[in-house]
Structures are given as structure tokens and as C-alpha cells.
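Summary of structural features
Listed below are the residues making up each chain.
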Amino acid sequence: MTKHIFFSLLVIAFHMTSAQNEWGGITPANLQLQSYQEFPDADAVILLKSGHLTPQEGQQGYEFAKTFYLRIHILTEKGLENADQAIYYYSKDNHERVGKYRARTVNLENGELSFSTLKKKDFFKDDDLTTNYSALKFTFPNVKPGSILEFEYTVYKKSIFSDIWYFQGDLPTITSTFAFIPHNKMSHVFLFQGLFDDRLQNFAAGAWIMNNIPELKEEPFVSNLDDFRAKMLIQLDAYVSNGITKKTLNSWEDLTKEMYQENSFGKLNKKNMDLDDEVGLIVNRNEEPEEKLKRIYKYITENIEWDGTRRIFTEDDLDKIMEEKKGSSAQINLVLTRMLRQAEITAYPLLLSTRKHGVIIKAYPLLVQFNTLACYAEIDGKPYILDATDPNRAYDLPDIDLLNDEGWLLDEENPRWIRVPRNYPSDDNTVAWLKMEEDGNLSGSVSSIFGGYAAVENRDAIQESEDDFWEKHIKKHIPEGEISEMKIVNADDPYSNLTAKAEIKTSDFSNVAGDFIYLKPMLMFGIENNPFKATQRYYPVDFVHEHQSQTNLTFIIPEEYEVESLPKSARLGLADGGMSFIYQCESFGKTIQVKTSFSIKKPIYFPDDYLVIKKMFDEMIQRYNDQIVLKKRS
């Protein structure tokens, strides 16, 4: 495509936005606005975010040139935080570099535009972020509510394989435009991900526009916020070299073949007599397959330390990992796969993307979408997703961060997608027996039993700091109380439930007023605040896995008092049965018993269900804050 066509395309884009993308396109009328109808509560608004990307011939071959322009209107004091900006880029081996850049603040002074332009010395390079990334940082001068900030820069990127454009950001955006200028010897594909509706328009070849885009807000129970950010991925599909067209994207099956050409993968099927002898010491050949699997998994978690890194390839031979007793996720789980095969158990490597890394776009076989390797085993048709990186997890509990949609099974004969199940348990059951004195003080025992992921989480916390565990588990709920005789059972056994017991003395739940004692029995054991604050939700509510929580509290009231009133029992639940809550409060003479049961059987809900979930949590919290009223007998 010629430069003439390129600039014609940009003119069309900017005409469609009803805004100029030229430096200096700001008018006094822009600065006089104090709010925007589309985003009336915004502290700052992006008026225009635009960019264009083109492959071009650079000094060392082809490269991407990406020009970026941003115009921000500061509306409130809080919006001033946007005065600090940074351009992040992948600086390792000079893979990316920032070329032309400029920035300035525009204010309205006596009805005229006033410009505060940054000089070259006002930009500074920060190379201390990581070994791979750098940033060009700067601060806009003379910024105040009403200012408009604009800056523009170009990034040159060695690779022409892929790039990304974010229509949506952390501020509300009036208009975002993007234009891709193709090269006549290359073809690219475009993948869209995130929040898209009729606001996105493809108004010309290689040009897109999106208007009135809400900011991406942090919300509770979201797997990876970036999965829902409106964005476009540009991927090289084919290119011409020496007159021959070469494909860069083939198929997932071809990717599997390429993976097995890597040294460690290729050795999975080869017999190793030393390894065979080692497996023979771990398992009995006549044992049931699942018992063999458990023994091998346990052996690896206890003898090979995870170095904390997630990888899909191995840098060292698997035999070396066995010798050094330390490795990455790929190394550990490939050793596991190999040993299971030696024990005649069906096992394959499984490519996964962790929840923090994001969901997979299956349209094209891009290996960069994965960031870890697990092991998939199958016994009599029953699947097991294994990740032997944590000795605190049993073999039937993969890392929570792996519960992320689907993984690609590297089965040489039948490679395929494997859905990662979410029906793993997380259980906690709390029992308390508390005696009340006339002054409202409660004393007695509290015991909690944790299973599944709840046990893993608390076991990790205990091993990191037992004091912090007790602080979070009990002490923070009774700031004026005492805790003693603390005891933990099965702290080092991932195959048993974890138990935490303690004696407590507290008056934090009760209030004495004249002849009455007011007791809130669930203050220590319930949810204090509704995590769902927003009035609208744009992405799913993701509870990750199943949950089951129960409490059984017994209160012995003083002899001189009787029950004046009790909270009403309640049964709450969603229509699909995926979430339920039961609250019961009953008295038997001098004994009051409070029981609750909260369960989540459906880990993921779509945005349409959000308001129903929010309402249910409101009602649950109301029950947790209900009080028992005791009256002194006359």
C-alpha cells in the first residue's frame, strides 16, 4: 500500500471520530467543558486515543512502526494523578525502541490557549524495571482541573509477528481509533477479545473506531481483568520470502509435532532403565493404578523443589532435574509424566495458561498464549490434571491458578483440547461452644476443619507464619478479646483435613444495656461486607471452584437471663440451585444454637445474573448482622 493510500485511510478515520488527530487540534471549547454526559462521574476522560501500525523496512530488516496519540481531559483534583505517565517497551536486545515523542499540557488562560511543552530533558529512561523491560517516564507540568494533556510517540519493534491495540483502558474513553497499514509481502489476521458490542465499527479496510467506552474497573471474583478488556490482536499469518509464500500459522496438530521435536519431550517414550528402577522402588507393580499415581506424585512433591517459575519448555535434560532436585513447572511435570508412563499409566504433557496469564484464543495456534505445563493422566476413563509443584496439595488438586478454561493435550496420536474442570472442593466447617457471663463476656472453644482448597490455602498460610494465620482466622475478629491454647492438626499432611482449635474470651459480639444483652452471634464467622459494590457488571462472576462453608455455634446464656427475641431463620438460593444459604437460630432452655450453611456449586455466572447474586449477598449479610436479644428476669 502506498503512502498516499495510507494517509487517505487516516483522514477517513479522523473524519469518522469528529476529532483531529493532528498535534494542536484542541480548541478553547474543549477546555471549557467540565463534565461529559456519557461519563458524568469521571475524574478524567480520554478524549481521543488513536494509533496506526505498519510493517516497514528498518535498518536490520522488517519491523513494526506503531504511532500512538493520546488526549486526556483532567476534570477533578483526583484526576491529577494522570499527570505522571510512562511508555513501557520490551528493551531486551533492543527488541523495541521509542523513537519520536512529545508531550504538553494545554490550559485556558483569559480565553486563550496556553501551552506547557516538555523538553527532551523532561523525559527520563528507567531501565531498572526488569531485565527485559524499560520505560520512558515523564510528568506533565502545570496540570490542574480543566487541563488537557496530549502526547504522541512512535515505537519501533523488531518483530512483525504480532501486536495488540487496546481500545479500552483504565479511564473512560470518548473515541478510540486504530488503523493497520499492511505490507504487500505479508498477510495478517485480526483477533478480537473482550467487551465488544455495536460501539465497535470497522468503517474502512484496516481501520476501526470505538466510541463511548467505559473504563475497565477492578471487580471481585474476576479471573483476569485483561481477558475482558476490549482489544484487537494482530497476528502475522504468512509472508513472502524469495518469491515463496511461507505460513507462520499452521495448526494445533503441527504445533504438537514441533513440541515433540524438543529434546525432553522426545524422550518421554524412551525407556530408561535407571528411571524404571527408581519407579520400581516407589510403587508396587501389582498396586491399583490410582495408588501408583498417588505414590509417584507424592514422591516428586517431596523430592523435587519447585523453583517458582512457570515454563512450557525445559532448559535441562530430565535426568539432570532428578539429580539437582529442583526445577520449573515444565521440568517437574515432565518428570512426573515420564515416571507415570514408566509405571504403565497413560500420561501426557498438558499446555495451559494460568488465570493470571489469561484465557486462550483457540482460533490460531499461538504457543505464546501458554505459560505453563502440567500433566494429564487417565485411569479407566477418569481424567487427572496433575501439577506436582506444591507439597501442600494432594494429587487430585491442581494449582488454583490452573483452573482456567481449557488446555492443549500434547498427545502424539490424538492431540486435543481438554476442558479444565471446576468441580474441585473447598470446605470449611466451624464449631464453637461459648458460655456467656452476665457482663456479656463469652468464653469457650472454637474449632475449624478445612478440606480441599481451603486446607491448601490455610496450610500455606500456617507454614509461612502461624501468627499471621491466627491473626486472620480469629484475632482480628476479637480485637478486645483473648486467644489461648491454640492448636493445629495435620499442618504437614495434604491428604488429611486441616484442623485449627483455640480457646477464646471476648465481649466483642455483645452489648449490655440495662436489663438487656444484645448478641450478634455471626460477627466472627460471617461475611462482614458485600464484595459486590457496582450497580452493573460487564464480565462474569468467577468463584473459581465449588465452595462449602458451615458453622455450628452453641451459646450458653446466663442463668438470670432469658431469650427475648431470636433472628428469623432463612433459606436463600438462586433459581438454578448453583448457590444457596441456610440460616437457623433456635433456643433450647439456656442454650441457643445458630447454624449456617453456604454453598457454591456453580463456579461461574454470567453478567446477567450479577444483580441476583448481589442481592443474595446483601440478604446473607443482613442475616449475619442479626442479633439475639436477652432480657434479665425480674
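Just so it is clear, the model here is predicted, and its values are computed rather than measured.

Put simply, the protein chain has an average pLDDT of 89, and 94% of its residues get 70 or more. Across residues 1-21, where pLDDT falls below 50, the model places 31 contacts with residues more than four positions away in sequence or in other chains.

In this approach, a probe sized like a water molecule rolls over the atoms, and the result shows the empty space that is left. Taken as a whole, the second largest pocket encloses approximately 1400 Å³ of empty space. Contributing to the lining of the second largest pocket are 37 residues, with D428, K472, G526, I527 and S549 lying nearest its centre. For the lining of the second largest pocket, the secondary-structure elements that each account for two or more residues are β23 (426-436), β24 (442-451), α9 (452-464), α10 (466-473), β30 (547-556), β34 (591-600) and α11 (610-624). Grouping the amino acids of the lining of the second largest pocket by side-chain chemistry returns 18 nonpolar, 14 polar and five charged.

Right, let's get into the packing of α9 against α10. Closest axis-to-axis distance for the α9/α10 pair is 5 Å, and the angle between their directions is 130 degrees. Taken as axis vectors, α9 and α10 run oblique relative to one another. Contacts from E457, N458, A461, I462 and E464 of α9 reach α10 at E466, F469 and K472. In the contact of α9 with α10, the residues fall into three nonpolar, one polar and four charged.

Spatially, four strands are ordered β27-β28-β36-β31 in an open sheet, and the strand pairing comes out antiparallel. The sheet is open, and its two edges are formed by β27 (510-513) and β31 (561-565), each paired on a single side. Put simply, the sheet's adjacent strands are angled 25 degrees from each other on average, direction ignored. Relative to strand β36 (residues 628-632), β31 runs antiparallel, the two being bridged by four bridges. Looking across to β36, one finds that E562 is bridged to K631.

The next point concerns unusual backbone geometry. Of note, the phi angle at N242 is positive, near 55 degrees, even though the residue is not glycine. Summarising the element assignment, N242 is placed in the loop between β14 (231-241) and β15 (244-247). Judged by relative accessible area, which is 79%, N242 ranks as exposed. With a phi angle near 60 degrees, K325 is a residue other than glycine that sits in the positive phi range. Residue placement: K325 occurs in the loop between α7 (318-324) and β17 (326-327).

Turning next to helix α3 (residues 252-259). For α3, every residue scored as buried is listed here: W252, L255, T256 and M259. Buried residues of α3 fall within an arc of 105 degrees about the axis and therefore sit on the same side.

Counting buried residues along strand β10 (residues 173-180), eight of its eight residues qualify, which places the element largely inside the surrounding structure. Sheet topology note: the β10/strand β13 (residues 207-213) ladder contains six bridges and is antiparallel. Residue A179 lies in a different strand from β13, and its bridge partner there is A207.

Read across the sheet, eight strands follow the order β25-β26-β24-β23-β30-β34-β33-β32 without closing on themselves; strand pairing throughout is mixed. Of all strands in the sheet, those with a lone pairing partner are β25 (482-489) and β32 (570-573), marking the two edges. Neighbouring strand axes in the sheet, compared pairwise and without regard to direction, differ in orientation by 10 degrees on average. Note: β30 against β34, ten bridges, orientation antiparallel.

This model, assessed by the stated rule, comprises 32 aromatic pairs. Relative to F370, the ring of W252 has its centre 5.8 Å away and its plane inclined at 75 degrees; by these criteria the two rings are edge-to-face. In this pair, W252 is assigned in helix α3 and F370 in the loop between β18 (346-352) and β19 (372-379), connecting sequence segments 118 residues apart. The class for F370 is buried, based on a relative accessible area of 4%.

Moving on to a nonpolar patch on the surface. A cluster of nonpolar side chains, namely Y88, L129 and Y133, defines an oily patch on the protein surface of about 320 Å² accessible area. Topologically, Y88 is positioned in strand β3 (residues 84-90). Its relative accessible area of 55% is what places Y88 among the exposed residues.

Definitions and limits used
Residues numbered from 1 in each chain as written. Predicted model: local features only at pLDDT ≥ 70, side-chain atom pairs only at ≥ 80, totals over all residues. Heavy atoms only, no water. pLDDT = per-residue confidence, 0-100. Contact = heavy atoms within 4.5 Å. 1 Å grid on protein atoms, 1.4 Å probe; cavity = no way out; pocket = protein on both sides within 12 Å on 5 of 7 lines; lining within 4 Å. Points joined across faces, edges and corners; volume = space filled by probe spheres on them. Helix = DSSP H or I, 4+ residues; strand = E, 2+ residues; numbered from the N terminus. Nonpolar A, V, L, I, M, F, W, Y, C, P; charged D, E, K, R; others polar. Axes fitted to C-alpha atoms, helices over the stretch in contact; angles between N-to-C directions. Parallel < 35°, antiparallel > 145°, perpendicular 65-115°, else oblique. Pairing = 2+ DSSP bridges. Buried < 20%, exposed > 50% of the residue type's maximum accessible area, 1.4 Å probe, protein only. Arc of directions from axis to C-beta. Phe/Tyr/Trp six-rings, centres within 6.5 Å; stacked < 30°, edge-to-face > 60°. Patch = residues over 30% accessible without salt bridge, like charges linked within 9 Å, V, L, I, M, F, W, Y side chains within 5 Å. Areas by Shrake-Rupley, 256 points an atom, 1.4 Å probe, with all protein chains shown as cover. Salt bridge = Lys/Arg side-chain N within 4 Å of Asp/Glu carboxyl O.

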